[in-house]
Amino acid sequence: MSEHGTATHCPYCALQCAMWLRTDDSGRPTVAPRDFPTNQGGLCRKGWTAAELLRPGRRLTTPLVRRTPGGPLEEADWDEALTRVVFGIRRIQEGAGRDAVAVFGGGGLTNEKAYLLGKFARVTLRTANIDYNGRFCMSSAAAAGLRAFGLDRGLPFPLSDVGRADALLLVGANPAETMPPFVRHLDAARAAGGALVVVDPRRTATAARATLHLRPAPGTDLALANGLLHIAVAEGLVDEKYVADRTEGFTAVREAVATYWPEHVERLTGVPVADQYRAVRLLADAPRALVLTARGAEQHRNGTDTVSAFVNLALALGLPGREGSGYGCLTGQGNGQGGREHGQKADQLPGYRRIDDPHARAHVARVWDVPADSLPGPGVSAYELLRSLGTEGGPRGLLLFGSNPVVSAPNAGLVEERLRGLDLLVVSDPVLSETAALADVVLPSAQWAEEDGTMTNLEGRVIRRRRALAPPPGVRTDLWIISELSRRLGRATGFSDSAPEVFAELGRAAAGGPADYSGITYDRIDAQGGVFWPCPADGEGRSGRPEAAAGVSPDPDPGPGPDPVPGSDPDAGTPRMFLDAFAHPDGKARFVAVHHTPPAEEPDELYPLHLTTGRIMQHYQSGAQTRRVPELADGTRDPHVEIHPDLAARHDIVAGDRVRLVSRRGTTEADARITTAVPPDLLFMPFHWGGAQRVNSVVGDALDPVSRMPEFKVSAVRLERVG
Ligand SMILES: Nc1nc2c(c(=O)[nH]1)N[C@H]1C(S)=C(S)[C@@H](COP(=O)(O)OP(=O)(O)OC[C@H]3O[C@@H](n4cnc5c(=O)[nH]c(N)nc54)[C@H](O)[C@@H]3O)O[C@H]1N2
Ligand SMILES: Nc1nc2c(c(=O)[nH]1)N[C@H]1C(S)=C(S)[C@@H](COP(=O)(O)OP(=O)(O)OC[C@H]3O[C@@H](n4cnc5c(=O)[nH]c(N)nc54)[C@H](O)[C@@H]3O)O[C@H]1N2
Ligand code: SF4
Ligand SMILES: [Mo]
C-alpha cells in the first residue's frame with residue numbers, strides 16, 4: 001500500500017479505471033482516481049461512488065436461508081447455509097442425474113473465480129450445464145472475431161490507439177454514458193483532426209461528438225455495412241494487395257454486397273446515400289482507421305453476421321493487423337474478456353479451449369488430475385439454460401454467481417417463473433438482488449476491495465484487483481465458497497481459496513491454449529502495468545514470438561518514442577495482435593459473406609413501435625448495485641422512456657407522464673421523456689430496474705443462431721399512457 005492507499009481498479013465496467021482505495025479519518029473507505037493508460041486519471045460517477053456499497057447496511061453480512069417452502073428468507077450461519085446447499089445438490093443429482101444441477105456465472109467475476117467455477121461444475125458437480133451472462137453481452141462479436149481472425153480478443157490493440165486514429169467508425173456504442181473516461185480518447189482523436197463516425201439510431205451524447213452520425217433503423221446495421229463495402233468496391237477503395245496477401249474469401253463477399261446499392265441501402269436503413277459515401281471516404285482516406293462495435297450492433301438475432309459485415313468492411317480496407325488500424329469489439333463487463341476465456345462458458349475449457357476438443361480435454365484433465373472422459377461435454381447457452389430450468393428434463397437446481405437474470409434476461413417474466421419453480425436456487429451476491437430474493441439460500445460474498453484477483457480489461461490487458469480491506473465478519477469470498485462447497489461435496493483437494501494459487505493453476509490450464517496466461521504472474525502485472533495476453537511462459541514462444549500459427553506478435557515498435565504510454569511495457573505480453581499473421585492455420589483472415597435479415601419482430605397493428613434498450617451513466621446493468629448507492633439513485637429512482645414529440649402528441653403524452661409499454665410477452669412502466677434523440681417510430685428504455693419497471697418483461701427472446709445471444713435491441717411494442 002502506498003501513501004495514496006491501495007492501487008486497484010473499479011468494480012464495474014470493462015474500462016477497469018484505475019483507482020486508489022483508502023479509508024478516511026472516520027474509517028470510511030473512499031476512492032480516488034489513479035492514472036492508467038485507459039482512464040487517464042478519470043472516473044465516472046459510478047467509479048467515484050464505488051466504495052459506498054462496502055459499508056454495512058447497504059449489503060448482506062450474513063447468509064440467508066428459506067427454511068420452509070414459500071416462507072421468508074431468514075438469517076443463518078454458514079454451516080447451516082452450506083449444509084442446505086450440499087443436501088439440496090445431493091438430493092437432486094441422486095434423483096435426476098448430474099446435469100440436473102446447473103451453474104450460472106458472470107463476466108464481472110475475476111479470472112480466478114470464473115476458472116474455479118468452471119472447474120467446480122466439471123469436476124465437483126460433473127454437470128454439463130454451466131453458462132454465464134456473457135452470452136447476453138458480446139458473444140456475437142466473439143463468434144464473428146473467431147470466424148474472421150481465428151482468435152477473439154475484444155480489442156486486439158491497446159486503447160491508446162483510439163486517441164491516435166485518423167478515422168473511427170463506432171457502431172452501436174455509447175461510451176459517453178457507458179465508459180465516460182473512454183471519451184477522452186475519442187476527443188484526443190478529434191482534436192488531432194481525426195474523424196468520428198457514429199452509427200446509432202439515437203442521437204446520443206456520443207453521437208453529438210461525431211463528425212458524421214448515421215442513424216439506421218434498429219436491426220439494419222448489416223445492410224448498412226454491406227452497403228458501405230459496396231461503395232468501397234465501386235469506388236476502387238479496396239486494398240487489393242492486403243486482400244490478396246492476408247485474407248481468404250473476398251470473391252464471395254464482393255458478390256454478396258453487389259446487390260447492396262446505396263439507394264437500396266437507404267431504403268432498408270434510412271441512411272441517406274450521401275452519408276454512406278461520406279462515411280466510406282472518411283474511413284478509406286485515413287492512414288489509421290478503426291472500426292469498433294458494441295451492443296447496439298451485436299444484440300440482435302443476426303448479431304454475429306452483423307459483426308462479420310463490419311469486419312468484412314475493415315478487411316477490405318486493409319485495417320486489421322496493421323499498426324494503428326483494425327477492428328475491435330468494446331467488451332462491457334469488468335471482466336467481460338477474461339470471463340469468456342477460462343471455462344464458465346458452456347462450450348469452453350480454460351485458455352479459450354473448446355470442451356469438445358480431445359486434446360484440450362486431455363490437457364485440462366491432466367492439470368485437474370481427473371480422467372479426461374470424466375469431464376462433461378458442452379451444455380446449452382445462458383438463455384436456453386434459464387428457459388429450461390424446472391421443465392421436463394431440465395435442471396432442478398441452480399447455483400448462481402455474479403448475475404441478476406430476474407432483471408437482465410430477455411423475456412424476464414418467463415425466466416422469473418422458471419427460477420421460482422426450481423427445487424434449489426442458491427445465489428452468491430454481496431446484495432439481495434431481485435434474483436437472490438427468490439433463492440433458497442443466499443450466500444453473502446466479499447466485494448472487489450476485499451479480495452485479490454485478476455481482471456482482463458477491454459484491451460486484453462490482465463490487471464490486478466487488490467484486497468484493501470477485510471470483509472465484514474459473516475462475509476466470505478466466492479473462492480472460499482466454491483472451495484468449501486467442493487470440500488463438503490467430497491473433493492478434498494484441487495480447490496484453493498487463495499487467489500494467487502488459483503491463478504497459478506489457471507496459468508497451467510491455459511498454457512498452450514489460444515488465451516495463454518502461463519507467462520503472467522502477479523509480480524509481472526505489478527512490474528509492467530498489466531500484461532496483455534497471449535503471454536506464454538518464458539521459452540515457450542513469446543520471447544521467440546508465439547509463431548505465425550498463434551497469429552500474434554509483440555509490438556514491433558513499442559517506443560520509447562516521444563510519448564511513452566505509462567503502463568504499456570513493451571514486454572507486457574502481446575499488446576498488438578495479428579501484425580504478422582492471423583490465427584487461422586494459414587495465417588490469413590477470413591471474409592464471411594452475409595445478408596440482411598429483419599429483426600424477429602416487425603411492427604404491426606397491435607404493436608406498432610420498435611423498442612430498443614440500453615444504458616444510462618448512473619446505473620450499472622441490473623442496477624442491483626447502483627440502485628443501492630444514494631448519489632446514483634437520487635434523480636434516477638424510476639426509469640424513463642425516450643419518446644419523440646410527434647409520437648407523444650399523438651398519444652397525448654407530456655413530459656413526466658407515466659407510460660406503459662406492452663409487448664406480446666408483458667408490460668413495463670416508465671416516465672415519459674420527450675426528445676428528438678429518438679425517431680418517431682422508436683422508443684428507448686434503459687434496463688436497470690426490476691419489478692413493474694423491468695423493461696425485459698417486454699423484450700423478446702429471439703437468439704442469434706451462432707452465438708445464442710438474445711435480441712435485446714429490437715422488440716415490437718405498443719405505447720399507452722397510464723391513467
Ligand atoms: N453506465 C453504464 N455503463 C456500462 C454498463 C451499464 O450497465 N451502465 N454496462 C457495461 C456493459 S456489460 C456493456 S455490455 C457496455 C455496453 O455499452 P454500449 O454498447 O455502449 O451500451 P448500450 O446502451 O447497450 O448500447 C449502445 C447503443 O446502441 C444503440 N442501438 C440500439 N439499437 C441499435 C441498432 O440496431 N444499431 C445500432 N447501430 N445501434 C443501436 C443504442 O441507442 C445505444 O446508444 O456498457 C458497459 N458500461
Ligand atoms: N434489455 C436489455 N437487457 C440486457 C442488456 C441490454 O442492453 N438490454 N444487456 C445485457 C448485458 S450486455 C449484460 S452484461 C447483462 C448483465 O446483467 P446481469 O448479469 O444481471 O449483471 P449485473 O447486474 O452486473 O449482475 C451482477 C450481480 O452479481 C453481483 N455481483 C457483482 N460482482 C460479484 C462478484 O464478484 N461475485 C458475486 N457472487 N456476485 C457479484 C451484483 O451485486 C449483481 O447482483 O444484461 C443484459 N441484459
Ligand atoms: S467508466 Fe467503468 S470502470 Fe471507469 S469508473 Fe466508470 S464504471 Fe468504473
Ligand atoms: Mo454487457
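Just so it is clear, the model here is predicted, and its values are computed rather than measured.

Reading the values: the criteria
Residues numbered from 1 in each chain as written. Chains lettered and ligands numbered in written order. Predicted model: local features only at pLDDT ≥ 70, side-chain atom pairs only at ≥ 80, totals over all residues. Heavy atoms only, no water. Pairing = 2+ DSSP bridges. Helix = DSSP H or I, 4+ residues; strand = E, 2+ residues; numbered from the N terminus. Axes fitted to C-alpha atoms, helices over the stretch in contact; angles between N-to-C directions. Contact = heavy atoms within 4.5 Å. Near = heavy atom within 4 Å. Nonpolar A, V, L, I, M, F, W, Y, C, P; charged D, E, K, R; others polar. Domains from an automatic or database assignment. Buried < 20%, exposed > 50% of the residue type's maximum accessible area, 1.4 Å probe, protein only. Arc of directions from axis to C-beta. Polar contact = N/O pair within 3.5 Å; in protein donor to acceptor, adjacent residues only side chain to side chain. Areas by Shrake-Rupley, 256 points an atom, 1.4 Å probe, with all protein chains shown as cover. Buried area = accessible area lost by both parts, 1.4 Å probe. Salt bridge = Lys/Arg side-chain N within 4 Å of Asp/Glu carboxyl O. Phe/Tyr/Trp six-rings, centres within 6.5 Å; stacked < 30°, edge-to-face > 60°. Lys NZ or Arg CZ within 6 Å of the ring centre and 35° of its normal.

### Topic: the sheet that holds strand β16 (residues 397-401)
As summarised here, the arrangement of the seven strands in space is β5-β4-β18-β17-β16-β6-β7, forming an open sheet in which the pairing is mixed. What marks the edges here is a single partner per strand, and that holds for β5 (73-75) and β7 (130-132). Recorded for the sheet is a direction-independent mean angle of 20° between the axes of neighbouring strands. As defined by bridge partners, strand β6 (residues 101-105) adjoins β7 across three bridges and the pair is classed as parallel. Looking at β7, one finds that G105 is bridged to Y132. Helix α3 (residues 111-125) rests against β6, β7 and β16 of the sheet, and its axis sits at about 170° to β6.

### Points about the site of ligand 3
Taken together, C10, Y12, C13, Q16, C17, L43, C44, K46, G47, M179, P180 and P181 make up the full set of residues near ligand 3. Among the residues forming the shell around ligand 3, the class breakdown is nine nonpolar, two polar and one charged. Looking at which domains feed residues into the shell around ligand 3, each of domain 1 (6-54) and domain 3 (155-330) supplies at least three.

### What about unusual backbone geometry?
Cis geometry marks the peptide bond from W533 to P534, where omega comes out at -5°. Tracing the backbone shows P534 in the loop between β21 (531-532) and α22 (547-550). Of note in the backbone geometry, Q40 takes a positive phi value of approximately 45° without being a glycine. Inspection of the secondary structure puts Q40 in the loop between β3 (29-33) and α1 (45-48). Positive phi is not limited to glycine here, since D652 has a value of about 60°. Inspection of the secondary structure puts D652 in the loop between α24 (645-650) and β25 (658-662). A relative accessible area of 57% places D652 in the exposed class.

### What about helix α18 (residues 412-420)?
Since the α-helix advances by 3.6 residues per turn, residues separated by three or four positions end up pointing in the same direction. Within α18 the residues assigned to the buried category are A412, V415, E416 and L419. Projected onto a plane normal to the axis of α18, the buried residues spread over an arc of 100° and lie on a single side. Taken together, the buried residues of α18 touch α16 (382-388), β16, α17 (405-408) and β17 (424-429).

### Considerations on the site of ligand 2
Taken together, 30 residues form the shell around ligand 2, and within it N133, S403, S408, D429 and S622 come nearest. One nitrogen or oxygen atom from the side chain of T613 is found 2.9 Å from a nitrogen atom belonging to ligand 2. Here R615 contributes a side-chain N or O atom positioned 3.1 Å from a nitrogen atom of ligand 2. Surface burial for ligand 2 is 96%, taken as the share of its 920 Å² of free accessible area covered by protein chains. Grouping the constituent residues of the shell around ligand 2 by class yields 10 nonpolar, 15 polar and five charged. Residue contributions to the shell around ligand 2 reach at least three from each of two domains, namely domain 2 (64-124 + 335-501) and domain 4 (609-721).

### Remarks on the environment of K119
Take K119: it is sitting in helix α3. For K119, a relative accessible area of 2% gives the class buried. The spatial distance from the C-alpha of K119 to the C-alpha of Q344 is 8.3 Å, given a sequence separation of 225 residues. Ignoring anything within four residues of it in the chain, the contact list for K119 reads T124, W368, G494, F495 and E505. A polar contact of 2.6 Å, which involves the side chain of K119, links it to the backbone oxygen of G494. Engagement of the side chain of K119 in a polar contact is seen with the side chain of E505, the distance being 2.8 Å.

### Regarding helix α7 (residues 183-191)
Of all the residues in α7, the buried ones are V183, H185, L186 and A189. Projection of α7 onto a plane perpendicular to its axis shows the buried side chains occupying an angular sector of 160°, all on one side. Considering only its buried residues, α7 is in contact with α5 (160-163), β8 (167-171), α6 (175-178) and β9 (195-199). Just downstream of α7 lies G193, where phi reads positive at about 95°.

### Some points on the domain arrangement of the protein
You can read the domains of the protein as domain 1 (6-54), domain 2 (64-124 + 335-501), domain 3 (155-330) and domain 4 (609-721). On a C-alpha basis, the centres of domain 1 and domain 2 stand 27 Å from each other. With 20 residues of domain 1 at the contact, the number on the domain 2 side is 17 residues. Taking both sides of the interface into account, the surface hidden between domain 1 and domain 2 amounts to around 1,600 Å²; carbon and sulfur atoms contribute 68%. The tally of links between domain 1 and domain 2 comes to zero salt bridges. Connecting domain 1 to domain 2 are four residue pairs in polar contact (both at pLDDT 80 or more). Of all elements in the fold, only β1 (6-9), β2 (18-23) and β3 reach the threshold of two or more residues within the side of domain 1 that touches domain 2. Among the elements that take part in the side of domain 1 that touches domain 2, β1 stands out by supplying four residues, more than any other. Its residues placed into classes, the side of domain 1 that touches domain 2 shows 14 nonpolar, six polar and no charged.

### Describing the sheet that holds β2
Spatially, three strands are ordered β1-β2-β3 in an open sheet, and the strand pairing comes out antiparallel. The open sheet terminates on both sides in strands that have one partner only, identified here as β1 and β3. Between one strand axis and the next, the sheet turns by 40° as a mean value, whatever way the strands run. Bridge analysis of β1 against β2 gives four bridges, and the strand direction is antiparallel. When the bridges of β2 are listed, T6 appears paired with L21.

### Some remarks on the packing of aromatic side chains
Summed over all chains, the structure comprises 11 aromatic pairs. A centroid spacing of 5.3 Å and a plane angle of 45° characterise the contact between F503 and Y522, whose relative ring orientation is tilted. Of this pair, F503 sits in helix α20 (residues 499-510) while Y522 sits in helix α21 (residues 522-528), and the two are 19 residues apart along the sequence. Classification of Y522 by relative accessible area gives buried; the value is 11%. Grouped by ring-pair contacts, the aromatic residues F149, Y327, F578 and F582 constitute a single cluster. Its end group placed over the ring of W20, R34 keeps NZ or CZ at 5.6 Å from the ring centre. Between the NZ or CZ atom of R476 and the centre of the ring of W480, over which it lies, the distance is 4.7 Å.

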